[in-house]
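This is what each chain is made of:
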Amino acid sequence: MSISEFTQRDYEVIARDYADLKEAARKRCTSQEELDVVQKAFDFANEAHKGVRRRSGEPYILHPIAVAKIVVNNIGLGYKSIAAALLHDVVEDTDYTVDDLRNLFGDRIALLVEGLTKIKTVLDNDAKARNRSLQAENFKRILLTLNDDVRVVLIKLADRLHNCRTIEFMPEYKRDKILSETMFIFIPLAHRLGLYEVKSEMEDIWLRYKEPEAFNDINEKINRNIVDKEKEIDDFIDPISAALKAAGFDFEIKKRVKTPYSIWNKMVGKGITFDQIYDLYAVRIIFNPSPDSTESERDQCYHVFSIITDIYRYKPDRIRDWVKHPKNNGYEALHCTLMSHAGIWIEVQIRTKRMNDIAEKGIAAHWAYKKDGFAGEHESEMDKWITKVKEILVNPDVNALELLDIIHNDLNTTDIFIFTPKGEQKRIQKGATALDFAYLIHTEIGNRAIAAKVNMRLVPLSYVLKGGDQVEIITAEAESPKREWLQFVQTHKARNIIMDYLKEKRVTNVELGRKILEEQLEAIGYRINEETLNALMEKHEIYGNPEELYFRIGIGMLKLNNLEDVLRGSIQEKSKSWFSWFLPKGKKDDASINGEEQKFIVADCCNPIPGDSVVGFRAEDGTITVHKKSCPVANNMAAKHGDRIVMPKWEEAAQTSFLIRLSLKGLDRIGIINEITRFISFVMSVNIRRINIATEDGVFEGSIDLYVHDKNDLEKLVRKLRKIEGIQSVVRTDI
Ligand code: MN
C-alpha cells in the first residue's frame, strides 16, 4: 500500500465501479433506507481509504467495492453485508475503531466488521509460541464469529476470492501462502456452504498459479474441444428443447464445461489423460415448477427425466437422485448421463430454479427460500453442520492449529446413512467405525461399548461402517474407554470424549508414555536425548513440549511404528548437502541463513524434479524441504506455517537424476512390455528402477519407476512412449 494523490482517472474508475455495485445492490435492497445505508458505508470507506493504493497501483477502495460486489452477486447477501464488505478494511488499515462504526452504522454492521478484522499480534519467538500459528489464530477468530453471525464467514470468503483474483501482484512466496490457505480451508468451507461459484473460481486460480503449465494446457484443450463439439452438443439439446416445450415446461437449458481445476483433479486423481475424461460436458435443464401442478418438485424432475430418456438412452449406473437425498451442502438435483446420437456420453442435470439458485449461491439463497416457506430435509443439514462446528469451537482445550486440522478434516468428509436396530436412520461420516456410531447415539453407550452387531453379525468396535448397515452396540456395565480406541475412532466427537476421559489421568499417562518411548528407542539402539526428542516433536508438530509428546504416546494417540525411519530420516538426511545447486530466492532474509550453505531435501511425498514449480519450507535448523507447489503436504504446511515458505530455484544443468513414476495403460500384445522397457532403457538411455505391470483380459496396466534429469527429459520420454502401438495412456503419478 502506498499513498499518493488520486488522478482524475482514478476518481472515474471508483465512480464507475461503485455505480455497478449500486446497481446490483438495488436489486437486493427492499427499501430506500437500505440503499442509503450502502451509500453511507461507501462514502465513509471511500473517505477513509482516500489516497491509498493497492500493490497493483489501483485505488484501495476498489478492493472493498469488489468484495461487496461478490457479496451481493455471487453470494446473494443483503444490505448489512454489503455495507460491512465496504467497511471491512477500515478498522484494520485506518485510525477508525469498531466503536466509531457502531456509532455510525449500528451494532450488527459493527459486529460484522469486527469479525472481519485480522488480529495483529505478532507471535513471540520462544519455543512454546512455535506451536502456534498466526494464520490458524486468525482463522479460529473468523470461525468463532459463526456463533454470532455466519455472514462474517461469507464476507470473508468474498474478501479471499478478490484477493485471489488480484494475486498476481503479490510476491511469489506470499502467493503460495495465500493459495495454500485457500485450498486448505476456504475452498472446503465455500463448498460446505454451497457457494459453488466462489469455490470453483478459487480452485481455478489455485491451479493457474500452482501448476501453470497444466492449467494452460487444459484450457487450450477445452477451447479446442468446444469448437469441435459445439455443434454436437447443440444437436443433442434441440430435441430436448422441443419435447419439453411440447410438454408445456417453462425452462432454460445451459451448456456447462467442467472447470480446469476439476479436470486436472480428475486427471491427477485417476491417472488419466484429458482425452479420457468423458464427462467434460454437462447440460443443465433449469425449470420453473408449474404452480398449478399437483406433482411435487421431485416428481416434476422425474417427469423431465422421463421425457428426455424417451429421446436418448441413459446409463443406468449414472443416475444420481440428490432431490430425494440432498448432499450435505444442501445441493439438490437429478443427474443422469445420456448417449447422444453422435455417440458421446453427456451428463444432464435437472434442477428447478430454486435448486439452481441454491446450487450456485449456496447458504444465502437457501435461507431466502426458507423464509418463503420452502422446507425440506436438506435445510437442516447445513444448519446442523454449523451447530457441529460451534460445538467444536467451544472446546477450550483445542488450540488453533488443531482446530484448523479438525475443521479441514470435517469439511472434507462425506456422510453415509446407518440404521439403528429400530430402523431409525442416522447420518455419520464416511469411514466411521462402530465405536463412533456408539458415541453418536450416546456418550454412555460409547463408554461402555464392548462390541457391535452389524447386520446381525458380531464385529469388533473398530469395524468400519458401510452405508445402509444396521448397527446394534453391545455394552457392559463395568466397561470404560480404552486408550487403544484412539487408534481407530474417526469422529471428532468420539475422540474428544475418550481424550477427556484419559486426560483426567494425565500424570499416569505422561509417565506411561515416557516409559513406552524409552523401551521402543532402546530396542532400535537409540536413547531419549535432545536429538531424538526434537526429531519426534518436529515430526508431530509439538514444538518444545516433551511432556505433551509423552502424554500423546501414553494415551496411544501417537503411534511409534516407523520410529526408526523418523529418527534416521531426520538425523542423517539433514547432513546431506548435494542439493546445493538450488538458489534460494524470495524473501530477502533467506539469502543466507546462519551464513551457511543451504541444505535442501527433495520431499518424498511428491518427488519434484527440475522444471516442476516448487516451494520450500525452512526447518528450525535451516534445512529446506522442497515440494511441488500442488503437493497436498506442502499445501497443508503453507496454510499453517506460511512464515517458513521459501522459493527455491532449480539450477540449470543438474547432473543428478530424480526418481519419478509413470503409470501406463494399454492393449496387451505379445512383446509390448518388452518393447516399452527396451525403448526406455536403450533408446532413451533412461535408468529403470522398478517395473510393476499386470495384464488381464488383453489389457495391461501398471507403473514404471525411473530416473530422469528434469521435466524436459520426462516430457520427451512420455511423448515418445505414447507413440508406441497399443499404448493408451502414459501419465506421471505420485510415488
Ligand atoms: Mn480485504
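Fair warning: this is a prediction, and the values are worked out from it, not measured in the lab.

Visitor: I'm lost on the overall build of the chain in this one. Help?
Guide: For the chain, the count of helices and strands is 28 helices and 22 strands. Whereas a compact globule of 735 residues would reach a radius of gyration of roughly 27 Å, the chain reaches 28 Å, a difference of no more than 12%. Dimensions of the chain along its principal axes, counting C-alpha atoms only, are 80 × 70 × 70 Å. A total of 735 residues make up the chain; the buried ones form 49% of that total.

Visitor: Any chance you could explain the sheet that holds strand E11 (residues 449-454) here in plain terms?
Guide: Consider a sheet: its strands pair through backbone hydrogen bonds, and that pairing is either parallel or antiparallel. Read from one edge to the other, the open sheet built from three strands follows the order E12-E11-E13, with strand pairing classed as antiparallel. The open sheet has two free edges, formed respectively by strand E12 (457-459) and strand E13 (471-475), since each of these has just one partner strand. Neighbour to neighbour, the strand axes of the sheet diverge by 30 degrees on average, direction disregarded. Both E11 and E13 contribute to a ladder of five bridges, which runs antiparallel. From the neighbouring strand, Ala449 faces E13, where its bridge partner is Thr475. Those strands touched by helix H19 (residues 434-441) are E11 and E13, and its axis lies near 85 degrees from that of E13.

Visitor: Would you take a moment to explain helix H9 (residues 151-165) for this structure?
Guide: Residues spaced three or four apart along an α-helix point in a common direction, a consequence of the helix completing one turn every 3.6 residues. Over its 15 residues, H9 runs 21 Å from end to end, which matches the ideal 21 Å to within 8%, given 1.5 Å per residue. Looking only at H9, the buried set comprises Val152, Val153, Leu154, Ile155, Lys156, Leu157, Ala158, Asp159, Arg160, Leu161, His162 and Cys164.

Visitor: Which parts of the structure should I look at to understand the side chain of His88?
Guide: Turning to its location among the elements, His88 is positioned in the loop between helix H4 (79-87) and helix H5 (90-93). Given the relative accessible area of 1%, His88 is considered buried. Residues contacting His88, with those up to four places away along its chain left out, are His63, Pro64, Val67, Val113, Leu116, Thr117 and Asp159.

Visitor: When you look at the coordination of the manganese ion in this model, what are you seeing that I'm missing?
Guide: Between any two of four tetrahedral donors, the ideal angle at the metal is 109.5 degrees; between two of six octahedral donors, it is 90 or 180 degrees. Within the protein, the atoms that donate to the manganese ion are His63 (NE2), His88 (NE2), Asp89 (OD) and Asp159 (OD), at distances of 2.2 to 2.7 Å. Here the donor residues for the manganese ion map to a single chain with the spacing H-x24-H-D-x69-D. Here His63 is found in helix H3 (residues 62-73), whereas its partner Asp89 is found in the loop between H4 and H5, with 26 residues between them in sequence. The pair His63 / Asp89 is uniform in exposure class, with both members buried.

Visitor: Mind showing me how you'd approach the packing of helix H27 (residues 672-683) against helix H28 (residues 711-722) here?
Guide: The description of two helices packed together rests on the angle between their axes and the distance between the axes. Put simply, H27 and H28 touch, their axes get as near as 11 Å, and they point 150 degrees apart. Comparing the axis directions of H27 and H28 gives the class roughly antiparallel. Note that H27 runs across H28; the crossing there is right-handed. Contact residues: Ile676, Phe679 and Ile680 in H27; Leu717, Lys720 and Leu721 in H28. Considered class by class, the residues forming the contact of H27 with H28 number five nonpolar, no polar and one charged.

Visitor: Any chance you could explain the pairing of strand E16 (residues 614-618) here in plain terms?
Guide: A regular strand places its side chains so that they alternate between the two faces of the sheet. E16 sits mainly inside the fold: four of its five residues count as buried. Taking the residues that link successive antiparallel strands as the turn, the E16-strand E17 (residues 623-628) hairpin has four residues, and the phi of Gly622 there is positive, at about 95 degrees. With two bridges joining them, E16 and strand E18 (residues 645-649) adopt antiparallel strand pairing. Looking across to E18, one finds that Gly616 is bridged to Val646.

Visitor: Sorry if this is basic, but what is going on with the pairing of strand E4 (residues 281-288) here?
Guide: Among the eight residues that make up E4, seven are buried, leaving the element largely enclosed by the rest of the structure. The pairing of strand E3 (residues 250-257) with E4 spans eight bridges and is antiparallel. Paired with Asp250 across the bridge in E4 is Asn288. As judged from the six bridges shared by E4 and strand E8 (residues 345-352), these two strands associate in the parallel manner. Note on E8: the bridge partner recorded for Ile285 is Ile350.

Visitor: I'm lost on the state of the cysteines in this one. Help?
Guide: Any covalent bond linking the sulfur atoms of two cysteines counts as a disulfide. Using the criterion set out here, one finds zero disulfides in the structure. Free of any disulfide, Cys606 has its nearest neighbouring cysteine sulfur in Cys631, separated by 3.8 Å. Overall, the relative accessible area of 3% leaves Cys631 in the buried class.

Visitor: Looking at this model, I keep getting lost on the pattern of salt bridges. Mind explaining?
Guide: For side chains of opposite charge, pairing can occur when their charged atoms come near one another. Summed over all chains, the structure comprises 41 salt bridges. Between Lys255 and Glu230 there is a salt bridge, with its nearest N and O atoms 2.5 Å apart. Of this pair, Lys255 sits in strand E3 while Glu230 sits in helix H12 (residues 212-246); the two residues are 25 residues apart in sequence, bridging distant segments of the chain. Its relative accessible area of 42% is what places Lys255 among the partly exposed residues.

Visitor: Can you walk me through the nonpolar core in this structure?
Guide: The tendency in soluble globular proteins is for nonpolar side chains to be buried side by side. In terms of nonpolar packing, the biggest core is built from 125 residues, with Ile65, Leu87, Ile155, Leu193, Phe236, Val348 and Ile350 touching the most fellow members. With nine residues, the top contributor of residues to this core is helix H10 (residues 172-192). Split by domain, this core shows at least three residues from each of two domains, domain 1 (2-169) and domain 2 (212-371). Once residues within four sequence positions are removed from consideration, Ile350 is found in contact with Ile285, Phe287, Cys301, Val304, Phe305, Ile308, Ala333 and Leu334. In terms of nonpolar packing, the next biggest core, distinct from the first, is built from 46 residues, Phe437, Val454, Leu461 and Leu486 among them.

Visitor: How do you make sense of helix H13 (residues 260-270) when you look at a structure like this?
Guide: Residues of H13 that are buried include every one of Pro260, Tyr261, Ile263, Trp264 and Met267, and no others. Along H13, the residues classed as buried sweep out an arc of 160 degrees about the axis, all on the same side. With respect to the buried face of H13, the exposed residues turned more than 90 degrees away are Gly269 and Lys270.

Visitor: Would you mind going over the sheet that holds strand E20 (residues 687-696) with me for this structure?
Guide: Here four strands make up an open sheet; going across it, the order is E20-E21-E19-E22 and the pairing antiparallel. Because the sheet does not close on itself, it has two edges, and the strands there are E20 and strand E22 (727-733). Neighbour to neighbour, the strand axes of the sheet diverge by 15 degrees on average, direction disregarded. Across the face of the sheet, H27 comes into contact with strand E19 (658-667), E20, strand E21 (699-708) and E22 while running at roughly 15 degrees to E21.

Visitor: I keep staring at the environment of Thr623 and nothing clicks. Help me out?
Guide: Within the secondary structure, Thr623 sits in strand E17. Given the relative accessible area of 4%, Thr623 is considered buried.

Visitor: Would you mind going over the packing of aromatic side chains with me for this structure?
Guide: Think of a pair of aromatic rings as described by two things: how far the centres are apart, and how the planes are tilted against each other in angle. One pass over the structure, following the stated rule, counts 13 aromatic pairs. For the ring pair Phe44 and Tyr96, a centre distance of 4.7 Å and an interplane angle of 55 degrees mean the geometry is tilted. Placement of Phe44 in helix H2 (residues 32-48) and of Tyr96 in the loop between H5 and helix H6 (98-105) is noted, with a sequence separation of 52 residues between them. Since its relative accessible area comes to 15%, Phe44 is described here as buried. By relative accessible area, Tyr96 is classed as partly exposed at 35%.

Visitor: How should I be thinking about a positive patch on the surface in this particular structure?
Guide: A grouping of Lys716, Arg719, Lys720 and Lys723 is seen on the molecular surface, where their side chains present a positively charged patch. Topologically, Lys723 is positioned in the loop between H28 and E22. Lys723 sits in the exposed class, given a relative accessible area of 71%.

Criteria and thresholds
Residues numbered from 1 in each chain as written. Predicted model: local features only at pLDDT ≥ 70, side-chain atom pairs only at ≥ 80, totals over all residues. Heavy atoms only, no water. Helix = DSSP H or I, 4+ residues; strand = E, 2+ residues; numbered from the N terminus. Rg over C-alpha atoms; globule rule 2.2 N^0.38 Å. Buried < 20%, exposed > 50% of the residue type's maximum accessible area, 1.4 Å probe, protein only. Pairing = 2+ DSSP bridges. Axes fitted to C-alpha atoms, helices over the stretch in contact; angles between N-to-C directions. Contact = heavy atoms within 4.5 Å. Expected span 1.5 Å × (residues − 1). Donors = N, O, S within 2.8 Å, 3.2 Å for Na, K, Ca; no water. Parallel < 35°, antiparallel > 145°, perpendicular 65-115°, else oblique. Left-handed = near helix turned anticlockwise from the far one by under 90°. Nonpolar A, V, L, I, M, F, W, Y, C, P; charged D, E, K, R; others polar. Disulfide = S-S within 2.5 Å. Salt bridge = Lys/Arg side-chain N within 4 Å of Asp/Glu carboxyl O. Core = buried A, V, L, I, M, F, W, Y, C linked by side-chain atoms within 4.5 Å. Domains from an automatic or database assignment. Arc of directions from axis to C-beta. Phe/Tyr/Trp six-rings, centres within 6.5 Å; stacked < 30°, edge-to-face > 60°. Patch = residues over 30% accessible without salt bridge, like charges linked within 9 Å, V, L, I, M, F, W, Y side chains within 5 Å. Areas by Shrake-Rupley, 256 points an atom, 1.4 Å probe, with all protein chains shown as cover. Lys, Arg positive; Asp, Glu negative; His and termini not counted. Charge placed at Lys NZ, Arg CZ, Asp CG, Glu CD.

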